[in-house]
Amino acid sequence: MIYKPKAFIRTFGCQMNVNDSEYIAGQLVKLGYLLTEDIFESNLILLNTCCVRAKVEQKIYSLIGKIKKIKENNSDVILGICGCMAQKEKENIFERVPYVDFIFNPSQVNNLEEIINTVKYGNTKYISCGDVPKFSLNHLPVKRESKISAWIQIMRGCNNYCSYCVVPYTRGPEQSRGVSEILSEVKNLAKNRYKEIYLLGQNVNSYGNDLSQPANFSKLLELLNDIKGIERIRFTTSHPKDFSFDLIKTIKNCHKVCNHIHLPIQSGSSKIIKMMNRNYDIDYYKSIIKEIRNNIDNIAISTDVMVGFPGETEDDFMDTLRTFKEIEFDEAYTFIYSDRENAIASLLPEQVPLQLKKERLWKLIDLQKKISAKINKKLEGEIFEVLVDKKSKKHIENQFSGRTRTNKTVVFISKRNLLGQLVKVKIIKSSPWTLYGELIE
Ligand code: SAH
Ligand code: SF4
Ligand code: F3S
């Protein structure tokens, strides 16, 4: 039997990183590696990192600390750090943890073959944190985790410079992927029986602004909507300042585009949103929500929100609670503001004490839980189309789960293996996060 070296990849952060790891995995397999989930048997360890909040960065440094033992026991093991924290920290990583062998940033994912060969046959530490001139994933091997739903990066980077955010510094300026490259990838996925595509970008609404041939996000959705075999199209993230009426019309008219929109609000106080450099106010945000709800039937809306941004008073936080009660999001990802060195909000005075931030977070989570429970309760008795994407790994036999077009998780029992199929499920019970139903045969 031919000996194959083993590679272990651990991914932190957003879907963008998850998809980058799929490209990393694809290239490692091409290089002859076997992928393993057991870090102790691996020859190559790669951590694809995130640094959006301080906590995740601490967690990663602590994991690197634990890997020291593995390296001490086997000096042949190679340890690489990539992703956003690699770009933010660069050589600092070598200083803090000298046993790291190589570092590369998110734009170097395309060059992994070259990087690994240099690292394997060179004797020095290696760092590759330059920018690529053009964002393309053409011909890059990819090993996708799902055979049903595929992440598709349509752009990289961000030009928005929200005052709290590190992403523009880690992922660089916005770069859109060419329309024809995206279309040919999705056609290929359709041929391979993928049912759903999930378009990724930090701000998908500005897709195409940097392309030499004119393109925009609505047009891209229309073109993707025509691809046979693909049943569902999702996308994230949208920025309220660029959410156009044209896009609302497109979502309404393109039947494959799912009726779920993720529209981060970040705060319910216009004063705080201004300090965040987000370029909208609450009235404007609410007007978009109204427009969306008036035009698209049964639309689900989710959001991201932060508490404890510097200068957030009790009144500002009350504004957030009030706005949440008024809008009634289906779901919210709630975060405690975290200082990031590069981001200018870290220079603002009036930091909110951690204990107060935690109290605000719990109040907001508690409110959102009640809202989500109320919304989901109303769905009991209704029938939904569900794309089945998971079989329960727990002990419940024949349990499957999937998502509605509104992105709600539905759990149900089936004796037949329905993975990858679109089925009808009647909801019989609900919780704030999950719907439970009966399969309609
Ligand atoms: N591009 C997307 C998401 C970026 S990061 C957008 O614009 O919405 C995902 C979420 O992390 C953000 O929406 C924000 O709510 C949160 N986040 C970003 N920086 C943060 C920070 N410094 N502290 C706490 N949460 C942060
Ligand atoms: Fe960060 Fe703002 Fe860009 Fe989102 S839009 S990635 S929050 S700078
Ligand atoms: Fe984290 Fe980078 Fe994504 S900082 S959230 S992995 S863009």
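Residues numbered from 1 in each chain as written. Chains lettered and ligands numbered in written order. Predicted model: local features only at pLDDT ≥ 70, side-chain atom pairs only at ≥ 80, totals over all residues. Heavy atoms only, no water.

In this section: helix α13 (residues 354–377). If you check α13, its first and last C-alpha atoms are 34 Å apart, about what 24 residues at 1.5 Å a residue would give, namely 34 Å. Along α13, the positions that sit buried rather than exposed are K357, R360, L361, L364, L367, Q368, I371, S372, I375 and N376. (Helix = DSSP H or I, 4+ residues; strand = E, 2+ residues; numbered from the N terminus. Expected span 1.5 Å × (residues − 1). Buried < 20%, exposed > 50% of the residue type's maximum accessible area, 1.4 Å probe, protein only.)

A separate point is the pairing of strand β3 (residues 44–49). For β3, a buried count of 6 out of 6 residues is recorded, marking the element as mostly surrounded by other parts of the structure. Along β3, one buried face is formed by L44, L46 and N48 and the opposite face, lined by I45, L47 and T49, is buried too. Sheet topology note: the strand β1 (residues 6–11)/β3 ladder contains 5 bridges and is parallel. Within β3, the position partnered with I9 by the bridge is L46. Where β3 lies against strand β4 (residues 78–83), 6 bridges are found, and the strand directions are parallel. Within the sheet, the bridge partner assigned to L44 lies in β4 and is I78. For the crossover that starts at β3, traverses helix α2 (residues 54–73) and ends in the parallel β4, the hand is right-handed. (Pairing = 2+ DSSP bridges. Right-handed = clockwise from strand over helix to strand, strands pointing away.)

Further remarks concern the site of ligand 1. The local shell around ligand 1 holds 15 residues, among which Y164, Q202, Q266, D304 and S338 are the closest. Between a nitrogen atom of ligand 1 and a main-chain N or O atom of Y164, the distance comes to 3.0 Å. D304 is positioned such that a nitrogen or oxygen atom in its side chain is 2.6 Å from an oxygen atom of ligand 1. Against a free-state accessible area of 540 Å², the protein chains account for coverage of 89% of ligand 1. For the shell around ligand 1, the secondary structure elements donating two or more residues are β13 (300–307) and β14 (331–336). Classifying every residue of the shell around ligand 1 by side-chain character gives 7 nonpolar, 4 polar and 4 charged. (Near = heavy atom within 4 Å. Polar contact = N/O pair within 3.5 Å; in protein donor to acceptor, adjacent residues only side chain to side chain. Areas by Shrake-Rupley, 256 points an atom, 1.4 Å probe, with all protein chains shown as cover. Nonpolar A, V, L, I, M, F, W, Y, C, P; charged D, E, K, R; others polar.)

The domains assigned to the protein are domain 1 (6–128), domain 2 (149–377) and domain 3 (383–440). Distance from the C-alpha centre of domain 1 to the C-alpha centre of domain 3: 36 Å. (Domains from an automatic or database assignment.)

Closest axis-to-axis distance for the helix α1 (residues 15–30)/helix α5 (residues 112–121) pair is 9 Å, and the angle between their directions is 55°. Viewed along their axes, α1 and α5 adopt a mutual orientation that is oblique. The element α1 and its partner α5 pack so that their crossing is right-handed. Contact residues: I24, Q27, L28 and K30 in α1; L112, E113 and I116 in α5. (Axes fitted to C-alpha atoms, helices over the stretch in contact; angles between N-to-C directions. Parallel < 35°, antiparallel > 145°, perpendicular 65-115°, else oblique. Left-handed = near helix turned anticlockwise from the far one by under 90°. Contact = heavy atoms within 4.5 Å.)

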